[in-house]
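# Analysis of the macromolecular model
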Amino acid sequence: MPQNQNIDMSMAENKSGYQKIYDRLADRYDLVYGRILSRGHKLAIKAMALNGPHKILEVGIGTGLTLSHYPKHADITGIDISDAMLEIAREKIKDLKLTNAKVKTMSAEKLEYDDNSFDRVFAPSVISAVAQPGKVIEEMIRVCKHGGHICIVSHFAGKKVHDKLVDLLSDSLTQKFLGFRMTTPLELVEKNTRVEVVMKDSIFPVWKNFSRLYILKKF
């Protein structure tokens, strides 16, 4: 067997459960999630106040659902662990004729960038879809410049009895079939001593706990 084929097989065997799910969902991800996530993407990009030539890292860019929402002057780097999803993102970059965006295969838990590299670091609906959310948040803070902003859109574990019950009952199903966790603790964001929470809001007014938007400022 050729050596490169051995490497490919080894990589496939070492894929995380989440990565396998998103590879499988890639070709229908936009259809399933596009309209649901669009509101959060628009609100987040507006909240990041991209009124200058900001250097942006999008962690978990997936199929590139956010690409059409960024201003043309933004310098966008997107990373994701799913090659299948990134292939779709690359096609969107071509179709939209974007010269200010590029994507790369990379784990959110080990960002291959120097400290203080980006003005804005954005994680749209990814914190609940990684094995180690705390590590991802720390990596996002590390690569963000001092005074820069980290933007997170995600579902977090609820505090009210009803919300806790919904999260606990649905968590095993969402992890197995949809690739995201319902029980990520809010404390990972709200109790982090390296950042200041400068904005927090609910994406959907009717079900406030479904998805939350945070803007964090790095000290």
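Residues numbered from 1 in each chain as written. Predicted model: local features only at pLDDT ≥ 70, side-chain atom pairs only at ≥ 80, totals over all residues. Heavy atoms only, no water.

The next point concerns the layout of surface pockets. Roughly 1000 Å³ of internal volume is contained in the largest pocket. Tyr-22, Asp-80, Ser-125, Val-126 and Ala-129 are, among the 49 residues lining the largest pocket, the residues nearest its centre. Ranked by residues supplied to the lining of the largest pocket, first place goes to helix H3 (residues 29-47) with 6 residues. Here the residues of the lining of the largest pocket are counted per class, giving 26 nonpolar, 17 polar and 6 charged. (1 Å grid on protein atoms, 1.4 Å probe; cavity = no way out; pocket = protein on both sides within 12 Å on 5 of 7 lines; lining within 4 Å. Points joined across faces, edges and corners; volume = space filled by probe spheres on them. Helix = DSSP H or I, 4+ residues; strand = E, 2+ residues; numbered from the N terminus. Nonpolar A, V, L, I, M, F, W, Y, C, P; charged D, E, K, R; others polar.)

Another point: the side chain of Ser-117. By secondary structure assignment, the location of Ser-117 is in the loop between strand E3 (101-105) and strand E4 (118-124). The class of Ser-117 is buried, set by a relative accessible area of 15%. Among residues more than four places away in sequence, those in contact with Ser-117 are Lys-55, Val-143 and Lys-145. (Buried < 20%, exposed > 50% of the residue type's maximum accessible area, 1.4 Å probe, protein only. Contact = heavy atoms within 4.5 Å.)

Before going further, it helps to examine unusual backbone geometry. Unusually for a residue other than glycine, Ala-49 sits at a positive phi of about 50°. As for its placement among the helices and strands, Ala-49 is situated in the loop between H3 and strand E1 (55-59).

This next bit is on the pattern of salt bridges. By the definition in use, this model includes 12 salt bridges. Close ionic contact of Arg-142 with Glu-139 constitutes a salt bridge, the shortest N to O distance being 2.8 Å. Of this pair, Arg-142 and Glu-139 both sit in helix H5 (residues 133-143), 3 residues apart, which is roughly one turn of that helix. Look at the salt bridges and you will find they share partners, linking Asp-115, Glu-139 and Arg-142 into a network. (Salt bridge = Lys/Arg side-chain N within 4 Å of Asp/Glu carboxyl O.)

Our focus in this paragraph is the packing of aromatic side chains. For the coordinates displayed, the defined rule picks out 6 aromatic pairs. Centre to centre, the rings of Phe-204 and Phe-210 are 5.6 Å apart; their planes meet at 65°, and the pair counts as edge-to-face. Arranged with centres 5.0 Å apart and planes meeting at 45°, the rings of Trp-207 and Phe-210 form a pair that is tilted. What makes Trp-207 partly exposed here is its relative accessible area of 34%. Look at Phe-210 and you get partly exposed, because its relative accessible area is 31%. Three or more aromatic residues joined by ring pairs make a cluster, and in this case those are Tyr-22, Tyr-29 and Tyr-33. Sitting above the plane of the Phe-118 ring, Lys-55 keeps its charged end 5.3 Å from the centroid. (Phe/Tyr/Trp six-rings, centres within 6.5 Å; stacked < 30°, edge-to-face > 60°. Lys NZ or Arg CZ within 6 Å of the ring centre and 35° of its normal.)

Moving on: the environment of Gly-78. With respect to the element layout, Gly-78 can be found in strand E2 (residues 75-80). Overall, Gly-78 belongs to the buried group, its relative accessible area being 0%. Taking the C-alpha atoms as reference points, Gly-78 and Ala-123, 45 residues apart in sequence, are found 10.0 Å from one another. Not counting chain neighbours up to four residues away, the residues in contact with Gly-78 comprise Glu-58, Ile-61, Lys-102, Val-103 and Lys-104.

Our focus in this paragraph is a nonpolar patch on the surface. The grouping of Ile-36, Val-206, Trp-207 and Phe-210 at the surface amounts to a nonpolar patch, some 400 Å² of accessible area in total. Checked against the element boundaries, Ile-36 lands in helix H3. (Patch = residues over 30% accessible without salt bridge, like charges linked within 9 Å, V, L, I, M, F, W, Y side chains within 5 Å. Areas by Shrake-Rupley, 256 points an atom, 1.4 Å probe, with all protein chains shown as cover.)

With that out of the way, let us pick up H5. Counting buried positions over the 11 residues of H5 gives 8, a clear majority of the element. Taken together, the buried positions of H5 are Pro-133, Val-136, Ile-137, Glu-139, Met-140, Ile-141, Arg-142 and Val-143. Along its buried surface, H5 packs onto E1, E4, strand E5 (144-154), helix H7 (187-190), strand E6 (195-202) and strand E7 (212-218).

Taken in spatial order, the 7 strands line up as E3-E2-E1-E4-E5-E7-E6 in an open sheet, and their pairing is mixed. Strands at the two margins of the open sheet, each flanked by one partner only, are E3 and E6. Going across the sheet, the axis of each strand differs from the next one's by a mean of 15°, ignoring polarity. Relative to the sheet, H3 contacts E4, E5, E6 and E7, its axis offset from that of E7 by approximately 25°. Lying on the sheet, H5 is in contact with E1, E4, E5, E6 and E7; it crosses E5 at an angle near 145°. (Pairing = 2+ DSSP bridges. Axes fitted to C-alpha atoms, helices over the stretch in contact; angles between N-to-C directions.)

Purely geometric stuff here, so don't read any function into it on its own.
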